[in-house]
Amino acid sequence: MMSTRRYLIAANWKMHKTLEEARALAREVRRGLTWGLKAEVALAPPFTALAAVAGELADSDLRLAGQDAFWERQGAYTGAISPMMLKDAGCHYVIIGHSERRQYFGETDHTVNRKLKAVLEVGLCPICCIGESLEEREKGQTLARVGQQLEVGLAEMGSLTGEQLVLAYEPVWAIGTGLTATPQQAQEVHAFIRSRLRELLHAAAEEVRILYGGSVTPDNAATLMAETDIDGALVGGASLKSASFLGIITAAG
Ligand code: PGA
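Everything numeric in this text was worked out from a predicted model, so none of it was measured.

### Concerning the pairing of strand E1 (residues 8–12)
Within E1, five of the five residues are buried, leaving the element largely enclosed by the surrounding structure. On E1, burial covers both faces: Leu8, Ala10 and Asn12 on one face and Ile9 and Ala11 on the other are all buried. One ladder, built from five bridges, connects E1 with strand E2 (residues 40–44); its direction is parallel. In the strand pairing of E2, Ile9 is matched with Val41. Between E1 and its parallel partner E2, the chain crosses via helix H1 (residues 19–32), and the hand of that crossover is right-handed.

### Side note on helix H8 (residues 183–201)
In this model H8 runs 25 Å from its N-terminal to its C-terminal C-alpha over 19 residues, within 8% of the 27 Å that 1.5 Å per residue would give. Listed as buried for H8 are Pro183, Ala186, Gln187, Val189, His190, Phe192, Ile193, Arg194, Arg196, Leu197 and Leu201. Contacts from the buried residues of H8 go to strand E5 (125–130), helix H6 (134–138), helix H7 (142–153), strand E6 (166–169), strand E7 (209–213) and helix H9 (221–225).

### Brief notes about the sheet that holds E7
Spatial ordering of the closed barrel is given by E1-E2-E3-E4-E5-E6-E7-E8, a layout of eight strands whose pairing is parallel. Pairs of neighbouring strands in the sheet enclose a mean axial angle of 25 degrees, with direction left out of account. Sheet topology note: the E7/strand E8 (residues 232–235) ladder contains two bridges and is parallel. If you follow Gly213 over to E8, its bridge partner there is Leu234. In this fold helix H5 (residues 109–121) packs onto strand E4 (93–96) and E5, with an angle of close to 165 degrees to the strand it touches most, E5.

About the thresholds
Residues numbered from 1 in each chain as written. Predicted model: local features only at pLDDT ≥ 70, side-chain atom pairs only at ≥ 80, totals over all residues. Heavy atoms only, no water. Buried < 20%, exposed > 50% of the residue type's maximum accessible area, 1.4 Å probe, protein only. Helix = DSSP H or I, 4+ residues; strand = E, 2+ residues; numbered from the N terminus. Pairing = 2+ DSSP bridges. Right-handed = clockwise from strand over helix to strand, strands pointing away. Expected span 1.5 Å × (residues − 1). Contact = heavy atoms within 4.5 Å. Axes fitted to C-alpha atoms, helices over the stretch in contact; angles between N-to-C directions.

Written out as structure tokens, the structure is:
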């Protein structure tokens, strides 16, 4: 990783944790962090646990994140949560375009673009997820797919600074499967993403952090993050227990 980009290790708890479990895990992560940490750490609990986790993280450097947001500010949109509400709940980050949102909730590159704009408007930092399916990888379409997700997702974004955006490359075939991309496979795509970002965002591209996600564990985190363009991890399964999540944070140095 380039020295100017600070690693970000983000926990995506997905649809896990009751209030009591969420509080306990947040507390354990907070207590387990050592002083002088190189990496930035963020927790994305389910919406119901945001306030409880915010309480546990108060007066710490740990960041709170939402798992999704709708693009409208408020209105008759049953079941939806707006970026403004997430900001109000204490979030700094919000995950947008996760492959599970694309697969189960009809998210498209176009809706990702609308959400990104709405999130940026209220001053939240999106963690925008992109990645190819197994079929796309096997057909040799990985870079084309990821390029399209970037181009449509980041369309009409205006000028952005490097701190306003985080990307997460998550090959769909590696999420929750135990199949991790090799560091070389991941770096190839991360380098491609960086080169496309240079065209879209110019100098800011050097500051945008590109996380890897998909079966990250304490055992594979260090070699993945040693790659030039891998600036941290978006962690699902291994973030549900403090020991494995802290192990990944430690691997970031
Ligand atoms: P996983 O999930 O670590 O369980 O593969 C990663 C993600 O979906 O963000």
